[in-house]
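Residue-level listing of the chains:
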Amino acid sequence: MAVPARKTSKARKNKRRSSVWKMDAPTLVKCPNCGGYAVSHKVCGNCGYYGGREVIAKEEA
């Protein structure tokens, strides 16, 4: 069984893990029903429509 010859230092370990915190912002697309921005392939939070159909009934405020 392969065993490391030396201990991996904290600096080396943290260098390897340094890109974990970088996250991409979700891609927003315009809702064809209300024109608001929503995450792609998800129900629109403004109007409740997805794929041209009402999925969640929203109350008019």
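Residues numbered from 1 in each chain as written. Predicted model: local features only at pLDDT ≥ 70, side-chain atom pairs only at ≥ 80, totals over all residues. Heavy atoms only, no water.

(A) Quick look at the overall build of the protein. A tally of helices and strands in the protein yields 1 helix and 4 strands. Secondary structure elements of the protein, listed N to C terminal, follow the sequence α-β-β-β-β. Whereas a compact globule of 61 residues would reach a radius of gyration of roughly 10 Å, the protein reaches 23 Å, over 25% beyond that. The principal-axis extents of the C-alpha atoms in the protein amount to approximately 65 × 25 × 20 Å. Long-range pairs, those at least 24 residues apart, make up 0% of the contacts in the protein with a sequence separation of at least 6. Only carbon and sulfur atoms are counted for the fraction: they give 53% of the accessible area of the protein, which is about 6100 Å². (Helix = DSSP H or I, 4+ residues; strand = E, 2+ residues; numbered from the N terminus. Rg over C-alpha atoms; globule rule 2.2 N^0.38 Å. Contact = heavy atoms within 4.5 Å. Areas by Shrake-Rupley, 256 points an atom, 1.4 Å probe, with all protein chains shown as cover.)

(B) Structural detail: the confidence of the model for the protein. Per-residue confidence for the protein gives a mean pLDDT of 88, with 97% of residues at or over 70. Looking across the protein, the model is least confident in strand S4 (residues 53-54), with a mean pLDDT of 90, and most confident in strand S1 (residues 28-30), with 94. (pLDDT = per-residue confidence, 0-100.)

(C) Inspection of unusual backbone geometry at higher detail. Phi is positive for His41, close to 65°, though the residue is something other than glycine. Mapping His41 onto the fold places it in the loop between strand S2 (37-39) and strand S3 (49-50). With a relative accessible area of 66%, His41 lands in the exposed category. (Buried < 20%, exposed > 50% of the residue type's maximum accessible area, 1.4 Å probe, protein only.)

(D) Examining the state of the cysteines more closely. Per the stated rule, a full pass over the model turns up 0 disulfides. No disulfide involves Cys34; its sulfur sits 3.8 Å from the nearest other cysteine sulfur, which is in Cys44. Unpaired in this structure, Cys44 has its nearest cysteine sulfur neighbour in Cys47, at a distance of 3.7 Å. (Disulfide = S-S within 2.5 Å.)

(E) Representation of the environment of Val43. Here Val43 lies in the loop between S2 and S3. Under the relative-accessibility criterion, Val43 is labelled partly exposed at 31%. When the C-alpha positions of Val43 and Ala2 are compared, they lie 49 Å apart, and in sequence the two are 41 residues distant.

(F) Representation of a nonpolar patch on the surface. Among the surface-exposed residues, Val43, Tyr50, Val55 and Ile56 lie close enough to one another that they form a single nonpolar patch of about 310 Å² accessible area. Tracing the sequence through the fold places Tyr50 in strand S3. By relative accessible area, Tyr50 is classed as partly exposed at 37%. (Patch = residues over 30% accessible without salt bridge, like charges linked within 9 Å, V, L, I, M, F, W, Y side chains within 5 Å. Salt bridge = Lys/Arg side-chain N within 4 Å of Asp/Glu carboxyl O.)

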